[in-house]
Every structure is written in structure tokens, then in C-alpha cells.
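# Summary of structural features
Given next are the chains, with one letter for each unit.
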Amino acid sequence: MNARSRTSPILALWMGATYLFLYAPILVLAVFSFNDSRLLAVWRGFTWAWYKAALSNPPMLDALRTSVLVAALTTLIATALGTSAALALERWRGRWRSLSEALFVLPIVVPEIVIGFASVAFFGWIGLRLGLLTVLIAHVAFSVSYVFFVVRARLATLDPRLEEAAMDLGADPWRVLWRITLPLLGPAIAASALLVFTLSLDDYVITSFVAGAGATTLPLRLYSMIKTGITPEVNAISTVLLVVTLALAAVAFRIEQRGMTRAHLVLVGLILLGLVGFAFGDLATSRPRATLNVLIWSNYISPRVVRAFEERTGIKVNIETYDSNEALLAKLHAGVVAYDLIVPSDYMVRILIRENLLQPLDLTRLPNLRHLDPSALGLPFDPTNTYSLPYTRGVTGIGYRRDKIAGPIQSWADLWDARWRERIVMLDDMREVFGVALKLLGYSLNSTDPQQLRQARDLLVRQKPLVRAYDSANFDQLLLSGEAWIAHAWDGQIIKARRENPNIEFVIPREGTTLIVDNLCIPRSAERPDLAHEFINFLMDPAVAAENMNEIMYLMPNRSAWPRLRPELQQHPIFSIPPDVLRRSEYLQDLGPTTVLYDRYWTEVKLAR
Amino acid sequence: MWETGAKRRLLLAPAFLWLLLFFLLPLGLIVVMSFAERGLYGGVRWTFGLQNYRRALEPLYLWVYGRSFALAAVTTGLCLVISYPVAYYIALRADPRWKHLLLVLSILPFWTSFLLRTYAWMFLLRVEGFVNTTLLALGVIERPISWLLYSNFAVVIGQVYGELPFMILPLYVALERLDVRVIEAAMDLGANRLQVFRRIVLPLTMPGIITGTVLVFIPSVGAFITPDMLGGAKSAMIGTVIQNQFVQRNHPMGSALSVLLIVVVLVLLLLASRAARFASRR
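Everything numeric in this text was worked out from a predicted model, so none of it was measured.

### So, the overall build of chain B
The secondary structure content of chain B amounts to 13 helices and two strands. When its C-alpha atoms are laid out on the principal axes, chain B stretches across 75 × 75 × 35 Å. Considering only contacts in chain B between residues 6 or more positions apart, those separated by 24 or more positions represent 71%.

### Concerning the overall build of chain A
Of the regular secondary structure elements, chain A holds 24 helices and ten strands. With the C-alpha coordinates of chain A rotated into their principal frame, the extents come out at 95 × 65 × 50 Å. At a minimum sequence separation of 6, the contacts of chain A that also span at least 24 residues come to 79%.

### Comments concerning the domain arrangement of chain A
Residue and element names in this part refer to chain A. Each assigned domain of chain A is listed with its residue range as follows: domain 1 (53-284), domain 2 (290-392 + 518-552) and domain 3 (393-516 + 569-607). The centre of domain 1, based on its C-alpha atoms, is set 37 Å off from the matching centre of domain 2. Every contact between the two is made by 15 residues of domain 1 and, on the other side, 15 residues of domain 2. Listing elements by their share of the side of domain 1 that touches domain 2, those giving two or more residues are α5 (112-126) and α10 (218-228). Broken down by element, the side of domain 1 that touches domain 2 gets its largest block of residues, three residues, from α5. By residue class, the composition of the side of domain 1 that touches domain 2 is six nonpolar, eight polar and one charged.

### Overview of the packing of helix α3 (residues 58-89) of chain A against helix α8 (residues 173-202) of chain A
Residues and elements named next belong to chain A. For the pair α3 and α8, the least separation of the axes is 8 Å and the interaxial angle reads 140 degrees. Here α3 is positioned oblique relative to α8, judged by the angle of their axes. Both α3 and α8 take part in a crossing whose hand is right-handed. Contacts between α3 and α8 involve S67, V70, A71, T74, T75, A78, T79, G82 and T83 on the former and, on the latter, I189, S192, A193, V196, F197, S200 and L201. Looking at the contact of α3 with α8 residue by residue, the classes come out as eight nonpolar, eight polar and no charged.

### Observations concerning the sheet that holds strand β3 (residues 341-342) of chain A
Residues and elements named next belong to chain A. Strand order in the open sheet formed by three strands is β2-β1-β3, with parallel pairing between adjacent strands. This sheet does not close on itself; its edge strands, each paired only once, are β2 (315-322) and β3. Two elements, strand β1 (residues 290-297) and β2, share eight bridges in a ladder whose sense is parallel. Along β2, the bridge assignment pairs L295 with E320. Strands β1, β2 and β3 of the sheet are contacted by helix α20 (residues 529-539), whose axis makes an angle of about 60 degrees with β1.

### A closer look at the nonpolar core
Within the largest apolar cluster, 247 residues are counted, with the highest numbers of intra-cluster contacts made by A:A85, A:F117, A:I486 and A:A487. Looking at this core element by element, the count peaks at 14 residues for α3(A).

### Here's the deal with the interface of chain B and chain A
Listed per partner, the contact involves 90 residues of chain B and 97 residues of chain A. Counting residues per element, the side of chain B that touches chain A draws most heavily on helix α1 (residues 5-33) of chain B, which supplies 17 residues. Residues belonging to the side of chain B that touches chain A are distributed by class as follows: 62 nonpolar, 19 polar and nine charged.

### Comments concerning the environment of B:N52
Looking at the secondary structure, you find B:N52 in helix α2 (residues 51-56). Once the C-alpha coordinates of B:N52 and B:F35 are considered, the two residues, 17 residues apart in sequence, prove to be 6.7 Å apart.

### Digging into the pairing of β1(A)
In regular strands, side chains alternate between the two faces of the sheet. Residue and element names in this part refer to chain A. In the classification by handedness, the crossover that spans β1, the intervening helix α13 (residues 303-313) and the parallel β2 is right-handed. Relative to β3, β1 is paired through two bridges, and the arrangement is parallel. Bridge pairing in β3 links V294 to L341.

### Points about the environment of A:N474
By the element assignment, A:N474 lies in the loop between β6 (467-470) and α18 (475-481). Distance in space between the C-alpha atoms of A:N474 and A:R609 is 23 Å, their sequence separation being 135 residues.

### What to know about unusual backbone geometry
Even without a glycine there, the phi angle at A:E422 is positive, about 65 degrees. Among the structural elements, A:E422 can be located in the loop between β4 (389-401) and β5 (424-426). The phi angle at B:A233 is positive, at roughly 55 degrees, despite the residue not being glycine. If you trace the backbone, B:A233 turns up in the loop between α11 (225-229) and α12 (238-247). With 19 C-beta atoms packed within 10 Å, B:A233 lands in the partly exposed category.

### A closer look at the confidence of the model for chain B
Here chain B averages 87 in pLDDT, and 96% of its residues register 70 or above. For this predicted complex, the interface confidence comes out at an ipTM of 0.88, alongside a pTM of 0.86.

### Comments concerning the packing of helix α5 (residues 114-125) of chain B against helix α7 (residues 152-177) of chain B
Packed helix pairs are characterised by how far apart their axes lie and by the angle those axes make with each other. All names here are of chain B. The geometry of α5 relative to α7 is characterised by a closest axis approach of 10 Å and an angle of 140 degrees between their N-to-C directions. Viewed along their axes, α5 and α7 adopt a mutual orientation that is oblique. For the element pair α5 and α7, the recorded crossing hand is right-handed. Within the contact between the two elements, α5 uses F114, R117, T118, W121 and L125 and α7 uses A154, I157, G158, Y161 and G162. Residue classes in the contact of α5 with α7 are distributed as six nonpolar, three polar and one charged.

### Brief notes about helix α19 (residues 491-500) of chain A
Along α19(A), the residues that are buried comprise A:D491, A:G492, A:Q493, A:I494, A:I495 and A:A497. Tucked into the core, α19(A) has its buried residues touching β4, α18, β7 (486-490), β8 (504-507), α21 (542-552) and α22 (567-570) of chain A.

### Things to note about the confidence of the model for chain A
On average, residues of chain A carry a pLDDT of 86, and 93% of them reach 70 or more. Helix α12 (residues 262-285) of chain A is the least confidently modelled element of chain A, averaging 68 in pLDDT, while helix α17 (residues 450-463) of chain A averages 97, the highest of any element.

Scoring rules and cut-offs
Residues numbered from 1 in each chain as written. Chains lettered and ligands numbered in written order. Predicted model: local features only at pLDDT ≥ 70, side-chain atom pairs only at ≥ 80, totals over all residues. Helix = DSSP H or I, 4+ residues; strand = E, 2+ residues; numbered from the N terminus. Contact = placed C-beta atoms within 7 Å. Domains from an automatic or database assignment. Nonpolar A, V, L, I, M, F, W, Y, C, P; charged D, E, K, R; others polar. Axes fitted to C-alpha atoms, helices over the stretch in contact; angles between N-to-C directions. Parallel < 35°, antiparallel > 145°, perpendicular 65-115°, else oblique. Left-handed = near helix turned anticlockwise from the far one by under 90°. Pairing = 2+ DSSP bridges. Core = buried A, V, L, I, M, F, W, Y, C linked by C-beta atoms within 7 Å. Buried ≥ 20, exposed ≤ 12 C-beta atoms within 10 Å, placed from the backbone. Right-handed = clockwise from strand over helix to strand, strands pointing away. pLDDT = per-residue confidence, 0-100.

Written as C-alpha cells, this is what we have:
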């Protein structure tokens, strides 16, 4: 019987369907990277524009450089360590062997989230500064096992007589290793190196925990890009990466099939040289006078303003982003992080002061201070402005599509309207979401009363079936694309979205809301407080502030800049909050131990159906 | 060749120490921390007790674990069902010339970024995404289907898509090793296809099934990106809950949840390796 002769049509169909499943998403992604439309998945014509945008996006290229650098170093170290460990344990019986094997298995079986969490706790504990080094250490730690097991599997199939013969012929052990064992292991080592390179290049979860200043890798950048807006630019970058990885895989495949020839060695060498050249490329081209490391919310500073500052001073500004105050605190807590300027919100400023993580500002070096609105100074979280100056002020409210939702939206209760089932988006922010429920119940959004919190939880559980998604970064895009019609939202992004679609409205609900002030602060561990002061003063210049506001569409308390604002900002709802609504509005406060209770109820809301 | 212990130890030392220092020690730290207490404003108070574990074992968190294990089980099951025929075809039925190419093609998507593959599904499944727009244009549906994205359906699709290669590969290895003559002998002795599969192919490939199951199951339990991006952060999974402990600065609680997760995973692994040994001995 010939087993190959009969392939049932069902099996063939199954194969086809599986390969379609594997490739269709990638292909669609690639095709639409050429689509001449920002939001739609409908073909509107061919364009290279997204590639141009992606390839002239400096933060993107920086991230790619960082990723390649980290991946290359990780590959080098992990391959060397893993291979030598595999050699050491070959044909070695005894205690050490099983002990080591258990140790090498662990990184493969422990979930990534736990590795990331443990690593950052450990780095904080020993006081190691988060940055490229910590990323490298963690990457080697999780990838060395893969090398170990791949190489060892190959070692087990080697004929020991080859080595013995060489020894009998008088070669010393090192010579045998170099001339016999390693060449025989070549393909396995190359395969595991490639695997490590990909794992390192692609890692998001662990890296997101251990990355610090100057260590934003490509996956971190991509994640925040995806979170803050689906644009074909991401498609374009994906396609470029796809083609590069396909090329690498093709080379690897040929090496595996035909063995490593000299031509392949040259090819691999050239690729590596190109990568290293790219990774170090910007070091050779221009040496900036100094670098200022800024950690700020995503989309919270105009790239043009940053460029203007760089051109005027010759200082390179390195912008990195976070998406919650708690993530910022975690970064500062975890280790001594080398950021020079951070932008925490009101309540977080208070925590940072109390935790002794900020340094006093030298107000004499900030002459542009005089442009600030006095009502935004001396707020309760830092009454003397010793540590902080207001950057932006904002409110939480409701953004909605006038063309989809009839009738005026005035109340938080509209987020519970069953007519908008599956079209409601809430912020993925524990305190803000509970704030809405508490306000609706007539309580303070800083409530610590368990009874009130339980009521709020019940309200949110009831809302859950209506909610399309919890999203703190992308809510404006969801409104624009029609994915959502009504969104619990922060003001700036909604007002910005109005420029693209005038049917989008922003309202401050009558029950009162969260008032927000985000502040410019210098961490105690900053390396260049002098540059940070220079930058803060620059940002408070009226012309700069106006340009900045007109771009990010969040309002700054810079009175001298207000006359230069776009009309949309001149009519900002903040300027016209009715006094009674303002009276019912509050700043968030840190609630200390009650946070645990919030967290518990938040998990219950997330668990509810 | 490397008979002397000293040389061996020298070769082993770098990797061993690296893992000891930067992997085992951090794990030890969170084990210790899991018995500590959250400080008033975050941070850790080093007073020890079982309170975190008592909390972690409450029904609330058991449900979270349950959901995560259910997601992992469904993902693993689907991967197995999809992969087995594919691996079978590549290993035993495909033309030898195409064999390698088919295998490489099946694992190639793994070489692209997990984030981008997840993003691709967002792009496909949105209300105004590719699937809905295409179906609308073809007149198959009248209104866009909204449960495609931000649903359990989307999470499972994304997870299966991400982990599929890890199932295909070990199954292929196991099927490749299969001695075709055994099958032929069974058929000659009058066994039908189902009997051959149940009595011969399945038991002989059990080690591959178990390896694949482990490789898919573990990352799926701790899944963090898919529930967040494709699930719309709507459902609590153990990965997202641990992440939230970190964000809320409750490191001790996060540690306790992590330690429990590791313990459960290790127990399952132990069972799997027992099963594998049992299967291969038969």
C-alpha cells in the first residue's frame, strides 16, 4: 500500500484553510499599508505615504535601533553562555546535572508576566538603574535556556567516536572543541542564535517591566502606537519588518538545507555588519551637546516644539511615554530611573513629594513663570509650587457622536443608556471609572466608605454588558471610526478628534467630574536638572505654549498664550464650566490603603459578564 | 572529553550564575515578598503573614484563575485539533520535495512580531474592519457584526493564531518519527482507519501531543496582550490582574498571585511529564 497515493480532499482542504488562517491577516495588513485612507478598511488607492511617514519617524527609528542593539547583544551573550553550558553538561551525570537542568527549564515554563514582575522587583531591590542594561540582563536570562536545549539536543545526536578519534590522533581538548565539536554543532548554534534574536526583538511583556530611560524598544513603541491610534503607518512598519524577517528566515532555511557554505557565512556577516552599523549609526553622525530624558503621557507634547528646542539649544530631547500615573510611580519606585523631567498629575505629585522622589524647582531660573494663570498655582497638592508647575489642566467628560446619538448628553447616566449597548467606551482607569459611578450616586469621587464603593461597584457591574471596551488611550479613535458612539474621555483628545469629524462633541456632565492638572516636575534622581529647567522655561514661553496647545489640544494655564489659540480651544468647555458643576468637581486624591478595596472591586467589575 | 570537573564547572558557571542571579533570585524575592504587606502608599512592609494568600484564594481570584485556565484550555484544544491534520499531512503525506517548505511556511508567522499579528486581527475584526466591510460589500450581512472584536471570540482567535506554530512543530516531530510500516501492518491485519488512528498513531504520537500542549498552554495561561488588545480589557485574566497589582503598587499581592500561578503551572507540568513518560513506555 502506498501511503502517499491517497490524500483525502478533506485533508487537502484542511491544509488550505489552515495556511489561509496563518497568512490572510498578515497579507491584508501588508496590502492596506498601501491604502490611501487613514481609518477605513476600504481600498481608496495606492500610496507610499505611510512608508515615508514611518521611515521618517525619529522615535520609531530610535526604537528600532535600540531593539536591534539589544537583540544583537542578547544573541551574542545568550548563545555563548547557552552553548558552553550545554557542552559542560553533556555526558555528565550527577547532582549538578539535574540541578542545572531544572534551572534551565524554569525560564521556559514560568509565565512571562511573572518573570517581568520579579525582575523589576529585583532590580529595584538591588538598586540597579532601569535602562538598556536591565533590558539586556533580563533578555539574556529568559533566552539562554532556548540555546541550551537546542544545542544539547544536537549534542546528543553527535557521534562521540569523532571526538575520541581526534583525541587519539593527539589533539588536545580545546583543539577538538574548535575543530570538531563546534563545527558539528554549527547549524544548531546558528538556529538557536536566530531564535534568540527573534525572541529578544519581539519581547514586549518582560521588556515593558524592566525598560528605563533610553531603552524604549520597538515592541514598546509599537504597543503605544497601536494603543493610541490605528493608522496605516503601523501597517507599513509591520510590512517592512515582515519582509526583513522573511529574508532572514529564508537565509536560515537555506543554511539548514544545504549546510553552511562560505557564501552564507559572508552573507550572514554582511547582515550582522549592516545591523550593527544601523544600531550605532546615529552615534557617528551627530553628537548632541547633551541629552534630556523626558517621561511624559503619550501625545502630550508637540514634536515641532521639541524640534524647535533641539535646534535652538543643540540638546537632544529623548521623549518616552507612559499611560498611567501609577506606571510612572512604578518606574520611579522600581529603581533609580534617569529621567530629567516627568509630568505627573495632581494627586501623584503629592505622593512623589511624600516619597521624596522629587527635587525642588529653582524658580529664579524660570522667568517665564509670569505668564501662568495665578488660579492654577498654589493648588493643594503642592501649595507653594516648590516641586511642581502646572503644564496642562483638563477635565474628564463624555465624548459622543452627534450624528449617532440624538438628544443632548448631560449626565453620566447616559453611559448607562441601553440604547447605546456595545457602543459605550469607558476609560481603562480604575479611579476614573469608579469616579463616574460615585458621582452618579452623589458621592465624592475620593470616597473611602466601603458601603459607597460597593454601590459604585454594583452600578458598574450593571453597566458592563453595555460596554464595548475599556480603553484609556484609543477612545478618540474608537469614536472617529464609529466603533463607539459615546465615550468616557479626557478632553484634549476629543477636542482634537473634532477637527477630523465635527460631529464629535465633548460635554462635562452636570453631576461634576474629575479636575486634572498635570505638572512639570524634576525627579530627585535626574541627571541634568539644569537642562530640565531650561526646557520648562522654554515650554512656558507664550509662543511655544500656544503652538504646543494648538497641536496637543490640551489647555495650559498660560494666560499670555491664550489669545493665540485656535477657536476650538478658545471655546474650550473648561472656560465655561457652570459654577455649580465646578463646585461638585474634585481633584483625585491618593487614598492609601483604600486603594486595595478599589482594586478588589475593580477586579470584580472586570470579572462580571 | 571534558572529564575534569573543574573545566566543566568553568564552562557551566557563566550561564548557571546568570540564571541564578537574574532569574532564580528574583523569583525567590517575590516568594519572600508574597508573605509581606503593602505599605501605606505602595512599597513593601516587611511584616510577614499569610494574608495575601488568604486573599488570593478567595472565590474572586479563583474565578480569575479559572477563566485564565479555561482560555488556555480552549486555546490548546483548538490548536491541537487544527494542527494535528496539518502535521500529519506534512510528516506522512506530503511530497518529500515540498515537506520542508510546508513546515517552514507553517512556522514562519511565528517569526513576525506577536504584537503586529495581534494588531492584524484588530484591523480585520473592527466594526469598520476588513471582515465587516467585505461582508457588507458582498451583501452577506446588513449590519456590521460587533462581537467580532472586544469579545472572548477575538481573544481566542488571537491566542490560537499566536500559539499555533508551537503545536504544529512538536506534532510534526512525533509524526515524522512514526514508523509507517507499523501502520501498514495494522491495516494488513484488518484494522480500519479509525482503529489505526486510535490504537497506533495516537499513542505513538502522545509525547508530541504533550509537548505541544505544554508549549501552548503555559503562555496562554499568562496571556496579557490578547485580552488587553483583542478583549478590550473587559475580562479579568490572571496576567492582567498581576499587571494591575504592579500598577497599583501592591507588590506583595502581585507576588502571591504570581507564586500561585507558578505553583499551579509546575504541578501541571509534573503531571504532563508523568503522562509523557507513561505514554512512551507503553
